[in-house]
Amino acid sequence: MFNLDEPEEDDDDVCIPIAQLVDRDCLTKRSQYPPIVVMPASLRLVRCVKYLACEGNLGDIAALLTCPVLMPCIVEQEDGLDFSCPQEQNFLLDCIFHCVNWFRELISAFAYQKNAELRRCVLLRLQSLVDLQKKLAKWLTHAIDYVPPPCQFFASAKPPKLSKVKMSTKKKGKKRKRKSKKGKKKPRTSDASENAEGEEVAEDENEEEVEGNDDEDDENDVSLKETPIIQSSSIDLIDYRGFLRELDVDVVILLTEQLDLSPAEGTTIKGLTPPVLLFLLQDLTSKVEYLLAPEAKRYSALKTAACKPVGFANLETFAPRSFARNTIKLLPALTDKLEAIAGYCQALLDKSDNIRDAPSMFPEGSSDIKSCYSYILRILAGLFHWSGFESKVNTDSLRDALKLLVVRDNKQAAENNRVQGLLVDAATYITSYVERTLVLSAACSLVKLLTAFCHLVDGSVDETMHKQIENACKTFLGQRWYNFKGSEEKGAEFNHHVDTLVKSYFSNMINKLETVSDLVAVVYQEVETCVKLGTKDWSLDTFPTVTKSNFTLLYRALCLALVQGLEDTLEGCANDGARFKAWESAIESLRGLMMIARSQNTRSNLVAFVKNALRLLRTFLKRGLPMFIQHFRSRTNQVTSVLSTLQKSTRFLNSICYHSKSTKDATLTSLVPALRFVLEQIVVSVRTMLAKNDCRDAFWIGILKNRNLKGEEVLSQESEPAAEEEQEEQELPSDDDSDVDVDLANAAENEDDQNDATSSISEVF
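Residues numbered from 1 in each chain as written. Predicted model: local features only at pLDDT ≥ 70, side-chain atom pairs only at ≥ 80, totals over all residues. Heavy atoms only, no water.

The protein has the name Fanconi anemia group D2 protein in an unreviewed UniProt entry, where Gryllus longicercus is given as its organism. What the UniProt record of the protein gives under Sequence similarities (unreviewed entry) is the line "Belongs to the Fanconi anemia protein FANCD2 family." The record in UniProt for the protein states the following under Subcellular location (unreviewed entry): "Nucleus". (UniProt positions renumbered as here; feature names shortened; annotations may be inferred.)

Put into structure tokens, the structure is as follows:
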């Protein structure tokens, strides 16, 4: 028996016997379903009728909320449920799904009731629902082929496809050597804990130890039992959204309940515990990001699972504007909890002397609290990213939302009715949470929220907002991040967050060219130091978040920022003297990037360097060289110094051209024609400039020798073996600028035809 209503534990006269309602015989025939399938839908129909008939009062059916629920006896072991056969497994899991859906519909029905006793019962049911769903997520890892019972009838849902792994059962005292296989790796389900991955790797390494001989191994093979399991500690129930009843929008009213960060065991629940708060925030986050997302992300398309309203059918009946207004009303409750959790995080920092990986930073139950912090910021970011705030129709709603944030920090500033001033004050309030952010996902949400404010401001305060985002990103990138178990963050999700912070950092720089020039020099020195020390998994001192495995994220952002910073600086230069300084700084930074690419010559780094170097050289050809030709006599030393520095980078670009041919890299090879065309144009232009100034002897032409990326001469034309890419690089986010200069092979043909003679001469070289 699994009774979720403890206050009425002795009352066995009236109950919902789920174990009896689930017919075991129907489990083998999925075309027939027991009547319990329609119970949640029937409850919804009854409560809607009562709500309309009794003007919102559901007291007549309140007994359904407190009615005990009887479940079959569930024996839980360390490795999951005790399933004697597949039929028993399906029966028990069906009962759990029916119970979960019944509780979800009960909570949706009675969440908006104001009666204190009913609200207490709703919180009890909500706590039971959260506990049961956590267990269900763990139990589903041992039920790969299981198909849950339906709970809705407007769309057919399919269970997620889960990866299987075979676990071998060996005899004691003997270990079997695993044969290494080349080729594609087995798919792995994601695990919330990075620590778990480390334990799995350690187990795999231990299995490789050998005891005995091959004959013993062959003998052991006969007795091996292979059991498919899911290589994860729990399943994300979001994948089972089609088999769970949707929570109504009214459920968010429960977020107004008081938060109890450290509930005592055995006491009566009087508010929201961290797990319950996390459950409600996750549901609200999914609704905000679905309904208030940009229109481009919500269009309907055939054969697109993400566009089906499974899990959001009731939400679709709300207009985005109405939903946004209701969410704004929740801002006081959300900010109350945000401040309470921020205080909790600050207390952890004070207790640990700001040592973020100290054991005292990870007490029991802190993971849910830190996750709540992240989800609140994510909800705020999704709300203020709503495109409707850009319309004048919703200006009043935007003003009200901003005032609810500003009043938390400055009541006098909240009296201001100018939206632009409120945006700055709201951003200042949000930046006060930077130092108390302990989770990387929360840091990204905070930056996205500041970015949403920045998109809503006009030019008068634009620089202030950009500076706040730049400082926040710099702070986040300048510290190490740890998961909920105290291990250092890593993996694909970590790299995605780092990519977000890096891009936001460089896109919001005020003096971009100057800052990038300084950073290139610092990064090069730090990379060279790490290489000389021979550190396997190094990280930068300036940005500890940037490691060897995700260094490409920083490098390609540096390359792009250099080009953008140069273009912005040239637009703002008032005279040629300032332009000369800009070109000197840019060419020197390009040389620094070249030296970094030579040291860290991964494919991603080379592609990023060539793409952005090509863009910079085109700008130099159109805007730099004409100015150099004009001032050659008056600034001879300055011009020759810049050209000499540029020549070092162009020689490395020629080495990359040879490298792309020898390794047969398609991406790099596609960049070669346009790159060679621009380099030849620069050669011709420099030669013409020297000829006009009677400096022909300073220019000579020779045949470039084939050199590899390290600058070593290659005597043979044989193809070099392509270097193996690091495994971590496969988990890096893709380059958003990958669509730029896609057809670079044809770009040379589309250049201006104003100087046909020059083009024909360049082909000779």
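(A) Structural view of the overall build of the protein. The secondary structure content of the protein amounts to 23 helices and six strands. For the protein, with 765 residues in total, the buried portion stands at 47%. A fraction of 78% describes how many contacts in the protein between residues 6 or more apart in sequence connect residues 24 or more apart. When the accessible surface of the protein is summed, it comes to about 39,800 Å², and 49% of that surface belongs to carbon and sulfur atoms. (Helix = DSSP H or I, 4+ residues; strand = E, 2+ residues; numbered from the N terminus. Buried < 20%, exposed > 50% of the residue type's maximum accessible area, 1.4 Å probe, protein only. Contact = heavy atoms within 4.5 Å. Areas by Shrake-Rupley, 256 points an atom, 1.4 Å probe, with all protein chains shown as cover.)

(B) Examining the pattern of salt bridges more closely. In total, this model carries 22 salt bridges according to the counting rule given. Ionic pairing is found between Lys 50 and Asp 60, a salt bridge with its closest N-O pair at 3.5 Å. With Lys 50 in helix H2 (residues 39-53) and Asp 60 in the loop between H2 and helix H3 (63-66), this residue pair connects regions lying ten residues apart in the sequence. Here Arg 408 makes a salt bridge to Glu 339, at a shortest N to O gap of 3.1 Å. (Salt bridge = Lys/Arg side-chain N within 4 Å of Asp/Glu carboxyl O.)

(C) Spatial organisation of unusual backbone geometry. For Asp 353, which is not glycine, the phi torsion reads 55° and is therefore positive. Take Asp 353: it is sitting in the loop between helix H10 (331-351) and helix H11 (366-384).

(D) Spatial organisation of empty space enclosed by the protein. Enumeration according to the criterion identifies seven cavities of 30 Å³ or more in this entry. By volume, the largest cavity amounts to about 100 Å³. Every residue lining the largest cavity is listed: Arg 356, Met 361, Phe 362, Lys 370, Leu 438, Val 439, Arg 480, Trp 481, Tyr 482, Asn 483 and Phe 484. (1 Å grid on protein atoms, 1.4 Å probe; cavity = no way out; pocket = protein on both sides within 12 Å on 5 of 7 lines; lining within 4 Å. Points joined across faces, edges and corners; volume = space filled by probe spheres on them.)

(E) Broad picture of the packing of helix H19 (residues 576-599) against helix H20 (residues 603-630). Direction vectors running N to C along H19 and H20 enclose 155°, while the axes themselves pass 11 Å from each other. It follows that H19 is roughly antiparallel to H20 by the angle criterion. Considering the relative orientation of H19 and H20, their crossing is left-handed. On H20, the residues touching Asp 576, Arg 579, Phe 580, Trp 583, Ala 586, Ile 587, Leu 590, Leu 593, Met 594 and Ala 597 of H19 are Leu 606, Phe 609, Ala 613, Leu 616, Thr 619, Phe 620, Arg 623, Gly 624, Met 627 and Phe 628. Each residue belonging to the contact of H19 with H20 can be placed in one class, and the counts come to 15 nonpolar, two polar and three charged. (Axes fitted to C-alpha atoms, helices over the stretch in contact; angles between N-to-C directions. Parallel < 35°, antiparallel > 145°, perpendicular 65-115°, else oblique. Left-handed = near helix turned anticlockwise from the far one by under 90°. Nonpolar A, V, L, I, M, F, W, Y, C, P; charged D, E, K, R; others polar.)

(F) Layout of the environment of Leu 477. In this structure, Leu 477 sits in helix H15 (residues 462-477). Given the relative accessible area of 1%, Leu 477 is considered buried. The spatial distance from the C-alpha of Leu 477 to the C-alpha of Phe 543 is 5.2 Å, given a sequence separation of 66 residues. Setting aside residues up to four positions removed in sequence, Leu 477 forms contacts with Leu 501, Val 502, Tyr 505, Thr 542, Phe 543, Pro 544 and Thr 545.

(G) Summary view of helix H17 (residues 512-533). Its 22 residues place the ends of H17 31 Å apart at the C-alpha level, agreeing with the 32 Å of an ideal helix rising 1.5 Å per residue. Where H17 is concerned, the buried positions are Lys 512, Leu 513, Val 516, Ser 517, Leu 519, Val 520, Val 523, Tyr 524, Glu 526, Val 527, Glu 528 and Cys 530. Against helix H16 (492-507), helix H18 (551-572) and H19 lie the buried residues of H17. Gly 534 lies just past H17 and shows a positive phi near 70°. (Expected span 1.5 Å × (residues − 1).)

(H) Up close: the packing of aromatic side chains. According to the stated counting rule, one finds 16 aromatic pairs in the structure shown. Here Trp 386 and Phe 389 contribute two aromatic rings whose centre-to-centre distance is 5.2 Å and whose plane-to-plane angle is 75°, an arrangement assigned as edge-to-face. Taken as a pair, Trp 386 and Phe 389 share a single burial class, namely buried. (Phe/Tyr/Trp six-rings, centres within 6.5 Å; stacked < 30°, edge-to-face > 60°.)

(I) Spotlight on the packing of helix H21 (residues 636-663) against helix H22 (residues 666-692). With their axes 10 Å apart at the nearest point, H21 and H22 run at an angle of 150° to one another. Judged by the angle between their axes, H21 and H22 are roughly antiparallel. Here H21 and H22 pass one another in a crossing that is left-handed. Between H21 and H22, the contacting residues are Val 639, Leu 643, Thr 650, Leu 653, Asn 654, Ile 656, Cys 657, His 659 and Ser 660 on the first element and Leu 668, Thr 669, Val 672, Leu 675, Arg 676, Leu 679, Val 686 and Met 689 on the second. Tallied by class, the residues present in the contact of H21 with H22 amount to eleven nonpolar, five polar and one charged.

(J) Quick look at the side chain of Lys 370. Within the fold, Lys 370 resides in helix H11. Although Lys 370 lies buried, it forms no salt bridge, and the closest oppositely charged side chain, Glu 489, sits 9.6 Å away as judged by the N-O distance. When neighbours within four sequence positions are excluded, Lys 370 is seen to be in contact with Leu 348, Met 361, Phe 362, Leu 438, Val 439 and Phe 484. (Lys, Arg positive; Asp, Glu negative; His and termini not counted.)

(K) Local environment of the nonpolar core. Counting 211 residues, the largest nonpolar core has Phe 384, Phe 453, Phe 506, Phe 551, Leu 554 and Phe 628 as the members making the most contacts within it. Sequence-distant contacts of Phe 453, defined by excluding residues within four places in its chain, comprise Phe 384, Leu 402, Leu 405, Leu 423, Ala 426, Ala 427, Ile 430 and Met 465. (Core = buried A, V, L, I, M, F, W, Y, C linked by side-chain atoms within 4.5 Å.)

(L) Examining the environment of Asn 511 more closely. Mapped onto the elements, Asn 511 comes out in the loop between H16 and H17. For the pair Asn 511 and Thr 569, spaced 58 residues apart in the sequence, the C-alpha separation amounts to 8.5 Å.

(M) Broad picture of the confidence of the model for the protein. Within the protein, residue pLDDT values average 80, and 74% of them lie at 70 or more. With pLDDT under 50 throughout, residues 7-11 is counted as low confidence; its partners more than four residues away or in other chains account for seven contacts. Scored below 50 in pLDDT, residues 738-765 makes 25 contacts in the model with residues more than four places away or belonging to other chains. (pLDDT = per-residue confidence, 0-100.)

(N) View of a nonpolar patch on the surface. A contiguous nonpolar patch, built from Tyr 51, Leu 52 and Tyr 112 and spanning about 370 Å² of accessible area, is present on the exposed surface. Along the polypeptide, Tyr 112 turns up in the loop between helix H4 (86-110) and helix H5 (116-139). On the basis of relative accessibility, which here comes to 44%, the residue Tyr 112 falls in the partly exposed class. (Patch = residues over 30% accessible without salt bridge, like charges linked within 9 Å, V, L, I, M, F, W, Y side chains within 5 Å.)

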